[in-house]
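Residues per chain are reported as follows:
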Amino acid sequence: MNRTRVGIIGGGPAGLLLGHLLDRAGIANVVLESRTRAYVEHRQRAGILEQNTVDVLRECGAGARMDREGLVHEGIELRFDRRSHRVDFPGLTGGRTVMVYAQTEVVKDLVALRAGPLLFEAEALAADPDAGVIRYRHRGAEHELACELIVACDGFHGIGRASMPSVTTYQRDYPFAWLGILASVPPSCEELIYAHHEHGFALHSMRSPSVSRLYLQVDPDDHLGNWPDERIWDELDTRFAVDGDWRLERGPITDRSITPMRSFVAEPMRSGRLFLAGDAAHIVPPTGAKGLNLAVADVTLLARAIISGDERLLAGYSEAALRRVWRAEHFSAWMTAMFHRDHGQDPFEHRLQLAQLRYTAASDAAMTSLAENYVGLPFQ
Ligand code: FAS
Ligand code: PHB
């Protein structure tokens, strides 16, 4: 195997979905993934699929288990000033909703569907945008793969972006991070709760009727040793505090991690034969639940261009993808600014934040804007 039409670096959701879409169109492709299958299938990450992602997975035959086991959600709750405000997705967006179905499950489904070559523990060492050659290491030996096109779906720390001769990057690092936990306890809510509190942000999400996924804002240099279970639950109790008889149920914490937060975009998303897709090209703070969904949008767009064989569509990929990326970057930055307490910020900024929250909850126009961005704007 030293030649293929499309060489895909990275076996995360972007690389696996692209490979599957090309498989279905009969376009030869190879996916190179540096980690083990077990690692990529169990790495805790995203949990919300926007409407477009759900539609794409169904259309390409990868949505059966999602439809059986996923949870369709018709809204989220905004919580601040000890009060709750529901965002009615179908009511505000003409029927669009989101699906709670973990990225780990999407990856497992796509691995199971894979028809073409998918090499695990195969690390791409170099990618040549002009020659279209990937040099990679697999089972202790180095190999070369000649490709008509190379798509780097290798995430923020991959080699794809670094292989571009000229790229402009835009970055914002936030003065906070997210401490995320998985807990074996039924969710204390039907829908996700995004909470703003003077201590900081908290999010109540879920993975199933018996597993909760919760996050709380921490300092960027904080570490898990500072957060014994009881302190996590006590702080979540504080931040979710609301008038009425709502109670946060506790349970065994089975997974925990601290994730830094950044906004990042690399332009353009193409150089010669080399294309970027997903986190290789952009990162959003997870507040808007956009990361995985942007990766899906990129590869859906790119797959259509490759399958069409129309060079104009390939030439237009970067500009078209970036339009969607920047919209999602803005929404994610806006949600992050509205909900997180930057303890270094001046009190004036905090008053503006509260005014933004109160206006958003009270205005149909503002709630419609939040809802249509959250469920995902229709593909152009
Ligand atoms: P990925 O990073 O998922 O996949 C890239 C793959 O390329 C990896 O498997 C990596 O091993 C492989 N790779 C890298 N270099 C390689 C090389 N040289 N050769 C071969 N393979 C190579 N998004 C949300 O919407 N909600 C969330 O809550 C959320 N939480 C997150 C938490 C964390 C800790 C992180 C890091 C991200 C989170 N995200 C979240 C964003 C995340 O879901 C990404 O958007 C999504 O994984 C993007 O998918 P890919 O672009 O495929 O990149
Ligand atoms: C998750 O369930 O992991 C999740 C949900 C919504 C977000 C971020 C993460 O905004």
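Everything quoted here is computed from the prediction, not taken from an experiment.

Cut-off values and rules
Residues numbered from 1 in each chain as written. Chains lettered and ligands numbered in written order. Predicted model: local features only at pLDDT ≥ 70, side-chain atom pairs only at ≥ 80, totals over all residues. Heavy atoms only, no water. Helix = DSSP H or I, 4+ residues; strand = E, 2+ residues; numbered from the N terminus. Rg over C-alpha atoms; globule rule 2.2 N^0.38 Å. Buried < 20%, exposed > 50% of the residue type's maximum accessible area, 1.4 Å probe, protein only. Contact = heavy atoms within 4.5 Å. Areas by Shrake-Rupley, 256 points an atom, 1.4 Å probe, with all protein chains shown as cover. Lys, Arg positive; Asp, Glu negative; His and termini not counted. Charge placed at Lys NZ, Arg CZ, Asp CG, Glu CD. 1 Å grid on protein atoms, 1.4 Å probe; cavity = no way out; pocket = protein on both sides within 12 Å on 5 of 7 lines; lining within 4 Å. Points joined across faces, edges and corners; volume = space filled by probe spheres on them. Nonpolar A, V, L, I, M, F, W, Y, C, P; charged D, E, K, R; others polar. Near = heavy atom within 4 Å. Polar contact = N/O pair within 3.5 Å; in protein donor to acceptor, adjacent residues only side chain to side chain. Pairing = 2+ DSSP bridges. Disulfide = S-S within 2.5 Å. Axes fitted to C-alpha atoms, helices over the stretch in contact; angles between N-to-C directions. Parallel < 35°, antiparallel > 145°, perpendicular 65-115°, else oblique. Left-handed = near helix turned anticlockwise from the far one by under 90°.

Q: Help me understand the overall build of the protein chain in this model?
A: Across its full length, the protein chain carries 11 helices and 19 strands. For 380 residues, the compact-globule estimate of 2.2 N^0.38 gives 21 Å, and the C-alpha radius of gyration of the protein chain, at 21 Å, lies within 12% of that figure. Along the three orthogonal principal directions, the C-alpha set of the protein chain runs to about 65 × 40 × 40 Å. Here the protein chain holds 380 residues, and the buried ones make up 56% of them. Within the protein chain, residue pairs in contact and separated by at least 24 positions form 71% of the contacts whose partners lie at least 6 positions apart. Accessible surface for the protein chain amounts to roughly 16200 Å². Of this, 49% is attributable to carbon and sulfur atoms. With 41 positive and 50 negative side-chain charges, the protein chain shows a spacing of 3 Å between the two charge centroids.

Q: What exactly am I supposed to notice about the layout of surface pockets here?
A: Unfilled space is identified by rolling a water-sized probe across the atoms. Counted as a void, the second largest pocket has a volume near 420 Å³. Lining of the second largest pocket is provided by 21 residues; of these, A320, R324, P378, F379 and Q380 occupy positions nearest its centre. Sorting the residues of the lining of the second largest pocket by element identifies helix 8 (291–308) and helix 9 (311–339) as the ones contributing at least two each. With 7 residues, the single largest contributor to the lining of the second largest pocket is helix 9. For the lining of the second largest pocket, the residue count by class is 10 nonpolar, 4 polar and 7 charged.

Q: Help me out: how do you make sense of the site of ligand 2 in this one?
A: The local shell around ligand 2 holds 15 residues, among which Y194, S205, R207, Y215 and P286 are the closest. Within the side chain of Y194, a nitrogen or oxygen atom sits 2.7 Å from an oxygen atom of ligand 2. For ligand 2, an oxygen atom lies 2.7 Å from a polar atom in the backbone of P286. If ligand 2 stood free it would expose 280 Å²; the protein chains cover 97% of that surface. At the level of elements, strand 13 (192–197), strand 14 (200–208) and strand 15 (211–218) are the ones that each hand at least two residues to the shell around ligand 2. The leading source of residues in the shell around ligand 2 is strand 14, at 3 residues.

Q: What am I meant to see in the sheet that holds strand 13 here?
A: Adjacent strands of a sheet form backbone hydrogen bonds with each other and so pair up, either parallel or antiparallel. An order of 6-5-13-14-15-12-16-19 is seen for the 8 strands of this open sheet, with the pairing classed as mixed. Either end of the sheet is taken by a strand with one partner, and the two such strands are strand 6 (83–88) and strand 19 (282–283).

Q: Before we go on, may I ask you to explain the state of the cysteines in this structure?
A: Linking two cysteines covalently through their sulfur atoms gives a disulfide. In the structure shown here, the tally under the stated rule is 0 disulfides. Of the cysteine sulfurs around C147, a residue in no disulfide, the closest is that of C153, at 12 Å. When its relative accessible area of 6% is taken as the criterion, C147 is described as buried.

Q: I'm lost on the side chain of T93 in this one. Help?
A: For T93, the position within the fold is in helix 5 (residues 89–93). Polar contacts involving the side chain of T93 include one to the main-chain amide nitrogen of R96, which spans 3.1 Å. If sequence neighbours within four positions are ignored, T93 has contacts with A371, E372 and V375.

Q: Please clarify how the site of ligand 1 should be interpreted in this entry.
A: Lining the immediate surroundings of ligand 1 are 32 residues, of which E33, R45, Q103, A124 and D279 lie closest. In this structure, an oxygen atom belonging to ligand 1 sits 3.0 Å away from a main-chain N or O atom of A14. Contact between ligand 1 and A124: a nitrogen atom at 2.9 Å from a main-chain N or O atom of the residue. For ligand 1, the protein covers 86% of the area, taking 1000 Å² as the surface of the free molecule. Taken together, the elements giving at least two residues each to the shell around ligand 1 come down to helix 1 (13–24), strand 9 (122–128) and helix 8. Considered class by class, the residues forming the shell around ligand 1 number 15 nonpolar, 9 polar and 8 charged.

Q: I'm lost on the packing of helix 1 against helix 8 in this one. Help?
A: Packed helix pairs are characterised by how far apart their axes lie and by the angle those axes make with each other. Where helix 1 meets helix 8, the closest approach of the two axes is 9 Å, and the angle between their N-to-C directions is 30 degrees. Classified by the interaxial angle, the pair formed by helix 1 and helix 8 is roughly parallel. Here the hand of the crossing between helix 1 and helix 8 comes out right-handed. Contacts between helix 1 and helix 8 pair P13, A14, L17, L18, L21 and L22 from the former with L292, A295, V296, V299, T300, A303, I306 and I307 from the latter. Residues belonging to the contact of helix 1 with helix 8 are distributed by class as follows: 13 nonpolar, 1 polar and no charged.

Q: How should I be thinking about the sheet that holds strand 4 (residues 71–73) in this particular structure?
A: Ordered in space as 3-7-4, the 3 strands form an open sheet in which the pairing is antiparallel. Strand pairing shows two members of the sheet lacking a second neighbour, strand 3 (48–49) and strand 4, which therefore form its edges. In this structure, strand 4 lies alongside strand 7 (residues 98–100), joined through 3 bridges in antiparallel fashion. Its bridge partner being in strand 7, L71 is matched across the sheet by V100.

Q: Even after reading the chapter, I still don't get unusual backbone geometry, so can you show me in this structure?
A: Only a minority of non-glycine residues have a phi that is not negative, and only a minority of peptide bonds are not trans. The omega torsion across E267 and P268 is -10 degrees, close enough to zero to call that bond cis. The topology assignment puts P268 in the loop between strand 16 (253–267) and strand 17 (270–271). One non-glycine residue with positive phi stands out, namely R139, at about 50 degrees. Mapping R139 onto the fold places it in the loop between strand 10 (133–138) and strand 11 (141–152). Taking the relative accessible area as the measure of exposure, R139 reaches 78% and is therefore exposed. The phi angle at A289 is positive, at roughly 55 degrees, despite the residue not being glycine. With respect to the helices and strands, A289 occurs in the loop between strand 19 and helix 8. For A289, a relative accessible area of 17% gives the class buried.

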